[in-house]
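The residues making up each chain are set out below.
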Amino acid sequence: MKKSYIIALCCLSMAAPASAQFGRLKSLVSKKDKPAAETAENNTTNNSASPVEEEKETNIAGIPAAVKSWSMDYDSNIDWFRLSPTGRLIAGTNNGLYGLDPSTGKVAWKHDFLKNITKTNYNPISNSPFIAIVTGSMFNMQQVILDVSSGKIIANTSELGMKMVNKRYTVPSMGGILFSGYLNNAPSLVFIDAATGEKKWVLSKVFDSNSEVMVAKPLADGKNALLLATNKRIYKVDVNSGNVIWKADFKTNTDEGVLATDLAEEVEEKESTKADEKKGGFMKSLGGLGKVPGLGAVGSAAGAANSASKMGGMGGSMKDGIAVLADAAYGKFLILDNQPGVVYYYSNQQMSAFNLSSGTQTWQAVKFSDPVAQVLYDERGFLISTDDKRAELILLDYKTGVEKWKPVTLRGRITALKLKGSSLAIASAKESGNNFVNIIDINSGSTAAKSDMKVSGYIMDIKQNNSGLIYRTDRELNIQDLATGKDVWAKSLAYKRGGIGIDKGNTTYFFADNQLYFMDNESGDYKPLGKSLKFGGDETPAGIELREKGILVSSSQNMALFDWNGNLIYHIYQKAPGTSLANKIMNITAMAVSASNSAAHGFQAGLSGPNTTSYNSNMAASDRWANLGSAALSDMKRRFTASQDALNYKVILTNVQTSDDSGYGLVRVNKDTGKIEGKVVLSDKKPDYIADDTDNMVFLKDGNKSIIGYKL
């Protein structure tokens with residue numbers, strides 16, 4: 001399962017859309033709000049029975065309770081704990097960093113010198129068993145790379161002889177990690193083999209000036225050449241000889257913050273339930289980092305980067321600030337299959353293309369009116385959208401960089417795209433919370449409606465059929481006519497809340513106002529299925545998925561499985577143990593739903609985007625780790641396989657009672673049967689715990705100095 005702050009990362013990748021989706025509530029009441037759920041004449045009227053009130057909590061008295069498997073006591077306070085992608089339990093304390101065996105609680109490894117490490121300074125490296133930690137003093141920052149499974153220190157830059165290490169980027173296809181800093185008082189790049197920790201090569205004085213700082217993840221061109229970007233130039237370097245093959249001027253301004261299209265990838269880590277609780281700090285932002293020697297231009301970007309979710313949980317230390325900026329990306333290299341011999345590079349301000357062999361600029365830089373929000377790779381060219389202030393959609397020719405049509409002005413930042421033929425359906429959102437839809441002819445750039453059409457509520461999905469653009473929000477369902485931009489139905493299917501849906505072939509199942517609906521996507525006809533069902537605790541369903549027997553709809557405290565005809569197979573409801581905690585869980589769930597309907601989700605579902613062959617064979621290969629034969633990778637593969645079974649279960653926080661104890665606890669529910677297969681009492685009104693769905697374990701922080709393990 002993804003660690004909790006990944007939800008925030010998704011929000012940054014959406015930036016404006018995320019804030020728009022959770023914008024001012026008063027803006028949701030718009031011209032299209034309707035008093036009743038009325039349908040068009042060609043649709044079935046909702047004639048289902050009154051809602052089935054199932055407020056009664058599901059009885060779990062006969063379910064045997066899990067017993068304590070182990071308990072681990074520490075000599076010092078536990079600041080935080082988390083579960084690594086290898087299954088190792090990691091605990092940060094004020095006398096060291098621990099790795100625990102999750103099945104026994106025994107200490108697998110400990111590093112005394114890594115004491116008082118904040119959770120912000122613990123940075124997992126994507127698709128690997130490694131973490132990166134910043135150590136040292138303000139003027140002698142160092143990096144430590146650690147294998148979380150074995151506890152082995154892969155690299156310690158201080159032992160490599162480096163001083164003031166300011167940047168760290170992975171180069172997976174070369175099987176290593178690149179550090180930028182000072183070696184023997186000279187600005188240098190040091191590359192280490194991630195499997196052995198061996199120093200593979202050192203490049204000194206590569207850049208033209210000491211004020212240049214790396215600003216993008218390097219991209220390997222073959223086995224011996226590396227493309228590098230600084231705040232002033234881009235370089236191609238022969239890593240064997242250390243020679244610069246070519247360089248080209250290209251300024252990457254870091255003032256506007258990190259590049260939204262190149263955020264840190266999701267990491268298969270899981271934080272405890274209290275990981276997001278804020279604790280004070282003497283620095284609310286990192287604007288002052290620009291004055292720290294060795295950081296150069298990166299420091300001045302800290303204020304803007306502070307809006308990034310990766311920095312959202314940051315404490316007040318300078319070390320934390322360096323840690324979160326160590327691998328920040330302000331630009332991105334691209335090599336596409338369908339454009340051989342060319343490397344593209346873009347930042348928030350501009351984009352250009354260069355001959356991969358000579359560095360000759362093949363087309364002049366294209367300037368952007370606002371920071372880049374999304375970049376897609378359509379067969380016609382780069383489809384680029386910019387941010388909310390002056391949101392535009394641009395199509396650039398791959399070979400020339402020429403705009404194929406005049407930029408299309410958008411009413412907010414794009415939240416979803418769906419392509420059908422040459423018709424591109426667009427959903428966008430403003431910071432204020434207003435949502436819009438429109439259709440663009442991708443060949444000409446012309447829009448179906450002169451002005452984007454405002455819709456009521458958060459946009460959940462868009463798709464096209466012969467009648468026009470079907471849009472579904474959390475408030476209404478209708479079809480936009482492609483020629484007029486007006487609604488096809490005189491009255492939308494309106495509802496007060498809901499609208500989550502999932503596709504099955506050319507049909508959609510969606511849930512709104514306690515009712516499951518079925519819609520034929522080709523015709524747009526819809527009908528209610530079965531009786532309506534009200535969730536316990538007056539919760540709004542936030543998740544929907546297809547199961548073998550039918551459709552599963554869920555919230556934090558409820559699960560309901562319907563067969564394909566809408567008949568209720570089961571409904572499980574467990575009362576929330578406390579209002580504040582329940583609301584926190586519900587808010588996180590709602591955010592996850594918003595993220596699942598984000599721009600990236602829409603792109604992948606409806607466009608030839610990053611999942612196309614033209615993109616992946618080069619770019620995806622660059623993100624695959626080479627030569628990592630560690631036991632940790634075996635652990636990761638095992639957990640990935642086991643995690644597929646974990647998708648069949650849901651863990652719910654509720655009040656649990658046993659013959660010996662009662663209090664806040666967890667129950668484990670089988671999604672296919674609705675059977676509660678396990679429960680555990682946590683004996684804490686505000687439990688700080690991790691539920692490991694993969695190995696059916698629960699880890700509870702008991703007080704300040706103990707962790708307890710339960711088999712759920």
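Residues numbered from 1 in each chain as written. Predicted model: local features only at pLDDT ≥ 70, side-chain atom pairs only at ≥ 80, totals over all residues. Heavy atoms only, no water.

Here we come to the overall build of the chain. Secondary structure assignment for the chain yields nine helices and 50 strands. Looking at the chain as a whole, 57% of its 712 residues qualify as buried. In the chain, the proportion of contacts linking residues at least 24 apart, taken out of those at least 6 apart, comes to 51%. As displayed, the chain offers around 28,700 Å² of accessible surface, 48% of which is attributable to carbon and sulfur atoms. (Helix = DSSP H or I, 4+ residues; strand = E, 2+ residues; numbered from the N terminus. Buried < 20%, exposed > 50% of the residue type's maximum accessible area, 1.4 Å probe, protein only. Contact = heavy atoms within 4.5 Å. Areas by Shrake-Rupley, 256 points an atom, 1.4 Å probe, with all protein chains shown as cover.)

All right, on to the sheet that holds strand β25 (residues 381-386) then. Pairing within the open sheet is antiparallel, and its four strands lie in the order β24-β25-β26-β27. In this open sheet, the two edge strands, each paired with only one partner strand, are β24 (372-378) and β27 (408-409). Direction of pairing for β25 relative to strand β26 (residues 392-396): antiparallel, over a ladder of four bridges. Bridging across to β26, Leu383 finds its partner in Leu395. (Pairing = 2+ DSSP bridges.)

The buried fraction of strand β42 (residues 550-554) amounts to five of the five residues, a majority that puts the element mostly inside the structure. As paired strands, strand β41 (residues 543-546) and β42 are joined by four bridges and run antiparallel to one another. The partner of Glu545 across the bridge, within β42, is Leu552. Between β41 and β42, which follow one another and run antiparallel, lie three residues. Pairing of β42 with strand β43 (residues 558-563), which is carried by five bridges, proceeds in the antiparallel orientation. Its bridge partner lying in β43, Ile551 is registered against Phe562. Hairpin connection, β42 to β43: the antiparallel pair is bridged by three residues.

Turning to the side chain of Thr507, a few remarks are in order. Tracing the chain through its elements places Thr507 in strand β37 (residues 507-512). The class for Thr507 is buried, based on a relative accessible area of 16%. Of the polar contacts made by the side chain of Thr507, one reaches the backbone oxygen of Lys504; its length is 2.6 Å. Excluding residues within four positions of it along the chain, Thr507 makes contact with Ile502, Phe518, Met519 and Asn521. (Polar contact = N/O pair within 3.5 Å; in protein donor to acceptor, adjacent residues only side chain to side chain.)

The next thing to look at is the pattern of salt bridges. Taken as a whole and assessed by the stated rule, the structure comprises 23 salt bridges. Residue Arg472 pairs with Asp461 through a salt bridge whose shortest N-O separation is 3.9 Å. Remark: Asp461 occurs in strand β32 (residues 459-465) and Arg472 occurs in strand β33 (residues 468-473); sequence separation between them is 11 residues. The class of Arg472 is buried, set by a relative accessible area of 4%. What makes Asp461 buried here is its relative accessible area of 15%. Salt bridges linked by common partners bring Asp208, Glu212, Arg233, Lys247 and Asp249 together as one network. (Salt bridge = Lys/Arg side-chain N within 4 Å of Asp/Glu carboxyl O.)

This part covers the pairing of strand β50 (residues 706-711). Along a regular strand, successive side chains alternate from one face of the sheet to the other. Within β50, five of the six residues are buried, which leaves the element mostly enclosed by the surrounding structure. Sheet topology places strand β2 (residues 68-73) next to β50; five bridges connect them, and they run antiparallel. Counted as the bridge partner of Lys68 is Tyr710 from β50. The pairing of strand β49 (residues 697-702) with β50 spans six bridges and is classified as antiparallel. Each bridged residue has a counterpart across the sheet, and for Met697 the counterpart in β50 is Lys711. The hairpin turn running from β49 into β50, its antiparallel successor, is three residues long, and Gly703 in that turn takes a positive phi close to 75 degrees.

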